[in-house]
Amino acid sequence: MDRFTEPHLVGGPEELLRTPPPPVREDADRLTYRWRNGYEHYEREERTTDAEYEPTYRWAYHTTIAE
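Residues numbered from 1 in each chain as written. Predicted model: local features only at pLDDT ≥ 70, side-chain atom pairs only at ≥ 80, totals over all residues. Heavy atoms only, no water.

Caption draft 1: Summary view of the overall build of the protein chain. Scanning the protein chain from N- to C-terminus turns up one helix and five strands. Here the protein chain holds 67 residues, and the buried ones make up 24% of them. A separation of at least 24 residues holds for 44% of the contacts in the protein chain among residues at least 6 apart in sequence. Put simply, the protein chain shows about 5100 Å² of open surface, and 47% of that area lies on carbon and sulfur atoms. (Helix = DSSP H or I, 4+ residues; strand = E, 2+ residues; numbered from the N terminus. Buried < 20%, exposed > 50% of the residue type's maximum accessible area, 1.4 Å probe, protein only. Contact = heavy atoms within 4.5 Å. Areas by Shrake-Rupley, 256 points an atom, 1.4 Å probe, with all protein chains shown as cover.)

Caption draft 2: Main features of the sheet that holds strand β2 (residues 25-26). Strand order across the open sheet formed by five strands is β1-β5-β4-β3-β2, with mixed pairing between neighbours. Single-partner strands in this sheet number two, and they are β1 (8-10) and β2. Of the strand pairs in this sheet, strand β3 (residues 30-35) and strand β4 (residues 38-45) are connected by six bridges, and their pairing is antiparallel. Across the sheet, the residue bridging to Arg34 is Tyr39, located in β4. (Pairing = 2+ DSSP bridges.)

Caption draft 3: Region of the structure containing unusual backbone geometry. Unusually for a residue other than glycine, Arg36 sits at a positive phi of about 50°. For Arg36, a relative accessible area of 59% corresponds to the exposed category.

Caption draft 4: Just the nonpolar core, in detail. Within the largest apolar cluster, seven residues are counted, these being Leu9, Leu16, Leu31, Tyr33, Trp35, Tyr42 and Tyr57. Beyond its immediate chain neighbours, meaning those up to four positions away, Leu9 contacts Leu17, Pro20, Leu31, Tyr33, Tyr42 and Tyr57. (Core = buried A, V, L, I, M, F, W, Y, C linked by side-chain atoms within 4.5 Å.)

Caption draft 5: Local environment of the packing of aromatic side chains. Summed over the entire model, instances satisfying the criterion amount to one aromatic pair. On the basis of an interplanar angle of 90° and a centroid distance of 5.9 Å, the ring pair of Tyr33 and Tyr42 is categorised as edge-to-face. Grouping residues by exposure puts Tyr33 and Tyr42 together as buried. (Phe/Tyr/Trp six-rings, centres within 6.5 Å; stacked < 30°, edge-to-face > 60°.)

Caption draft 6: Focus on the environment of His41. Relative to the helices and strands, His41 is located in strand β4. Separated by 10 residues in sequence, His41 and Leu31 place their C-alpha atoms 6.0 Å apart. Polar contacts involving the side chain of His41 include one to the side chain of Thr32, which spans 3.3 Å. (Polar contact = N/O pair within 3.5 Å; in protein donor to acceptor, adjacent residues only side chain to side chain.)

Function-wise, these values are silent; they only describe arrangement.
As structure tokens, this is what we get:
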């Protein structure tokens, strides 16, 4: 992901979408955010028709932190 471009998140917890914290993991295909009692995982969507490039990540799944 380009460090100077904010990702566009689709799906997942609505509060997370409004004010996302910095991701705890980011690579070319995936973003992971620590959120409440676990992690929210987003996977990149390919968009080739947009005039302006904006990386889009769609919510994939949630994992819970074991205590």
